[in-house]
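Architecture at a glance
This is what each chain is made of:
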Amino acid sequence: PKGICGADADTIVARNLLRAVAAGSGCYIHVIENTARNLKAMGEAKAPVKGERALERVAKLFGVDGVDNHEKAVNIAKAVLADLYLPRDETMKLTAKLAYAPRYALWEKLGLLPGGAKSEVFDGVVKSSTNLNSDPVNMLFHCLTLGISTGLYGLTMVNLLNDIMLGEPVIRAAAVGFKTIDPKYINIMITGHQHSSFTDLQERLVRPDVRARAREAGAEGFRFVGCTCVGQDLQLRGEHYQEVFTGHAGNNFTSEAVLATGAIDLVVSEFNCTLPGLEPIADRLGVKMICIDDVAKKANAEYAPYSFVNGGEVSEKVIASALDAYRSRRGSVSINVPADHGNDDTITGVSEVSLKEFLGGSWKPLVDLIAAGDVRGVVGVVGCSSMVSGGHDVLTVELVRELIKRDIIVLSAGCSSGGIENVGLMRPSAAQFAGPRLRAVCEKL
Ligand code: SF4
């Protein structure tokens, strides 16, 4: 069977897939573009660089120099932005620096190397429009190219740049779940994916003069309640923000329940997943909503566009609005925080660098365990949680239980890990659920 225009099933499916992949790629290329712009502005403003070691590593990796750390940061950001804005027929230069060399050679041989990341998204949208491309193989190859630019730039690179601006991850035990919400504070729930948009706010909220304003209003101070991926970003680098950030409360769908506790006074959102389902709960409970990037503008949110340069102004608006919301809603809204939800010893702060350091500076101990069969492999359970396959987080939690039972280590990120951590599978005591060989390894650590 064919469509009325003559397109066959392969063309229709490939076209829809490319459309979806281009949209997804656009989202994460938006994140790296903003992150690089923030890094550039930070360097130009000569603001403090929290991750100096990360800066050195990335500068070396990219072959970038500068007279001081600020100039190096600017030059790193310029190199990233230059790649993103290339036309589609010019290969991005940093792909080769980030990719595993044999894989890069294969991509090159297959003609999969991405041109400018924004152009790749643009042409993906064009190709998948009505009666343009009808070659499924060509469209599927385009999906693979978008996968490369999205993975290396939209994900890996974002983390590298955030580590420079916000400090590097440190492996540590952290609190998770609803128990991280303390009603005695003015609580600001953050949702999104762009940690660098909170650079100013997270510092400002713990300044003595700002804390004094919270105390005048009757609270003990301000706190971030982290939800979704940006909550995980703060969890990952939480070693550096222990005062303002007390832990990751939950993932995308959990954020509705977090709001329903009544203990949140304001929501700051900048990307997905800021669920539209938050809106009626916020309206009902007098929670103010502010959106700092209009790609994720909620219908009931005030829009306060963030850039590194006007970060202080946006932070002031957030602080003033949070104080107003706290004063007007506390006392008239009932608060119910399940204080025993979550735990205090979820292991977090795992990055390529922190993990290698933990292993003594080499991957060999892990490779040896795999070679000996004590660890049968490492599996990533990453990405969004969903309501299908049994309900919220059911599939991912059950999958992880089955994997560790078979002596397989699970590496998790994204909203899946929100559920996995809240049920206790990222605590040291989860070793009891692992197969005998993996359990023995965990219990030796
Ligand atoms: S992991 Fe998925 S569901 Fe969670 S915030 Fe990111 S995009 Fe949204």
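Here, the structure is the one placed above.
A short tour of the structure in this document, coming up. (Residues numbered from 1 in each chain as written. Predicted model: local features only at pLDDT ≥ 70, side-chain atom pairs only at ≥ 80, totals over all residues. Heavy atoms only, no water.)

1. So, the site of the ligand
- Taken together, Y28, H193, T228, C229, N252, N272, C273, G383, C384, G414 and C415 form the complete shell of residues around the ligand.
- Taken together, the residues that form the shell around the ligand break down as 5 nonpolar, 6 polar and no charged.
- Inspection of the shell around the ligand shows a minimum of three residues originating in each of domain 2 (172-329) and domain 3 (350-444). (Near = heavy atom within 4 Å. Nonpolar A, V, L, I, M, F, W, Y, C, P; charged D, E, K, R; others polar. Domains from an automatic or database assignment.)

2. Let's talk about the pattern of salt bridges
- Overall, the coordinates contain 29 salt bridges when judged by the stated rule.
- Among the ionic pairs, K72 bridges to E56, the shortest N-O distance being 2.9 Å. Taken as a pair, K72 in helix α3 (residues 69-84) and E56 in helix α2 (residues 52-62) lie far apart in primary sequence, 16 residues in all.
- Accessibility expressed as a relative area gives 13% for K72, which makes it buried.
- By relative accessible area, which is 38% here, E56 ends up partly exposed. (Salt bridge = Lys/Arg side-chain N within 4 Å of Asp/Glu carboxyl O. Helix = DSSP H or I, 4+ residues; strand = E, 2+ residues; numbered from the N terminus. Buried < 20%, exposed > 50% of the residue type's maximum accessible area, 1.4 Å probe, protein only.)

3. Let's talk about the side chain of Q232
- Looking at the element boundaries, Q232 is found in helix α10 (residues 228-236).
- Within the local environment of Q232, its side chain forms a polar contact with the backbone nitrogen of G414, the two atoms lying 2.9 Å apart.
- With residues near it in sequence (within four places) discarded, Q232 still touches H248, A413, G414, S417 and G418. (Polar contact = N/O pair within 3.5 Å; in protein donor to acceptor, adjacent residues only side chain to side chain. Contact = heavy atoms within 4.5 Å.)

4. Describing a nonpolar patch on the surface
- A cluster of nonpolar side chains, L106, L110, V137, F141 and L144, forms an exposed patch at the surface whose accessible area comes to about 440 Å².
- It is helix α7 (residues 136-166) that provides the largest number of residues to the nonpolar patch, a total of 3 residues.
- As for its position among the elements, F141 is in helix α7.
- Given a relative accessible area of 34%, F141 falls into the partly exposed group. (Patch = residues over 30% accessible without salt bridge, like charges linked within 9 Å, V, L, I, M, F, W, Y side chains within 5 Å. Areas by Shrake-Rupley, 256 points an atom, 1.4 Å probe, with all protein chains shown as cover.)

5. Side note on the packing of α2 against α7
- Packing of α2 against α7 brings their axes to within 8 Å, and their N-to-C directions diverge by 135°. What the angle tells us is that α2 and α7 run oblique. The way α2 lies across α7 gives a crossing that is left-handed. Seen from α2, the contacting residues are A54, L55, V58, L61 and F62; seen from α7, they are M157, L160, D163 and I164.
- Residue classes in the contact of α2 with α7 are distributed as 8 nonpolar, no polar and 1 charged. (Axes fitted to C-alpha atoms, helices over the stretch in contact; angles between N-to-C directions. Parallel < 35°, antiparallel > 145°, perpendicular 65-115°, else oblique. Left-handed = near helix turned anticlockwise from the far one by under 90°.)

6. Focus on the packing of aromatic side chains
- Per the stated rule, a full pass over the model turns up 2 aromatic pairs.
- Residues Y28 and F271 carry aromatic rings whose centres are separated by 6.0 Å and whose planes lie at 75° to one another, so their mutual orientation is edge-to-face. With Y28 in helix α1 (residues 9-44) and F271 in the loop between β5 (266-269) and α12 (278-285), this residue pair connects regions lying 243 residues apart in the sequence. Each member of the pair, Y28 as well as F271, carries the same accessibility label: buried.
- Considering the side-chain rings of F198 and F224, the 5.8 Å spacing of their centres and the 80° angle between planes classify their relative orientation as edge-to-face. In this pair, F198 is assigned in the loop between β2 (186-191) and α8 (199-204) and F224 in strand β3 (residues 222-227), connecting sequence segments 26 residues apart.
- Given a relative accessible area of 0%, F198 falls into the buried group.
- One cation-aromatic arrangement involves R223 over Y185; the distance from NZ or CZ to the ring centre is 3.8 Å.
- Over the ring of F433 we find R401; its NZ or CZ atom is 5.5 Å from the centre of that ring. (Phe/Tyr/Trp six-rings, centres within 6.5 Å; stacked < 30°, edge-to-face > 60°. Lys NZ or Arg CZ within 6 Å of the ring centre and 35° of its normal.)

7. A look at the environment of V126
- Locating V126 in the fold gives a position in helix α6 (residues 117-127).
- The class for V126 is partly exposed, based on a relative accessible area of 36%.
- C-alpha separation for the pair V126 and E168, spaced 42 residues apart in sequence, amounts to 39 Å.

8. As for α3
- Between its first and last C-alpha atoms α3 spans 23 Å; for 16 residues at 1.5 Å apiece the expected length is 22 Å, and the two agree.
- Of all the residues in α3, the buried ones are H70, K72, A73, V74, I76, A77, V80, L81, D83 and L84.
- Buried residues along α3 sit against α1, α2, α4 (95-98), α6 and α7.
- With a side-chain oxygen positioned 3.2 Å from the backbone nitrogen of H70, the residue opening α3 is D68. (Expected span 1.5 Å × (residues − 1).)

9. A word on unusual backbone geometry
- Here the bond from N272 into C273 is cis, since omega is 10°, no more than 30 degrees from zero.
- Within the secondary structure, C273 is located in the loop between β5 and α12.
- Its identity is not glycine, yet T228 carries a phi of approximately 60°, on the positive side.
- A relative accessible area of 1% places T228 in the buried class.
- Positive phi, close to 55°, is recorded for S389, a residue that is not glycine.
- Of note, S389 is situated in the loop between β9 (377-382) and α16 (394-405).
- On the accessibility criterion, S389 (47% relative accessible area) is partly exposed.

10. Let's talk about the nonpolar core
- The biggest cluster of nonpolar side chains holds 72 residues, and the ones touching the most others in it are I76, L161, I188, F222 and F224.
- If you tally residues by element for this core, the top one is α7, at 9 residues.
- For this core, the domains that each give at least three residues are domain 1 (9-166) and domain 2 (172-329).
- Beyond its immediate chain neighbours, meaning those up to four positions away, L161 contacts I32, T35, A36, L39, I76 and V80.
- Listed in part, the 21 residues of the second largest apolar core include C227, L278, V333 and V337. (Core = buried A, V, L, I, M, F, W, Y, C linked by side-chain atoms within 4.5 Å.)

11. Thoughts on the packing of α1 against α6
- Two elements in contact, α1 and α6, have axes separated by 9 Å at closest approach and are oriented at 155°. For the element pair α1 / α6, the angle class is roughly antiparallel. In the crossing of α1 with α6, the sense of the turn from one axis to the other is left-handed. Contact with α1, carried on its side by L18, R19, A22, S25, G26, I29 and E33, involves A117, K118, V121, G124, V125 and K127 of α6 and no other residues of that element.
- Considered class by class, the residues forming the contact of α1 with α6 number 6 nonpolar, 3 polar and 4 charged.

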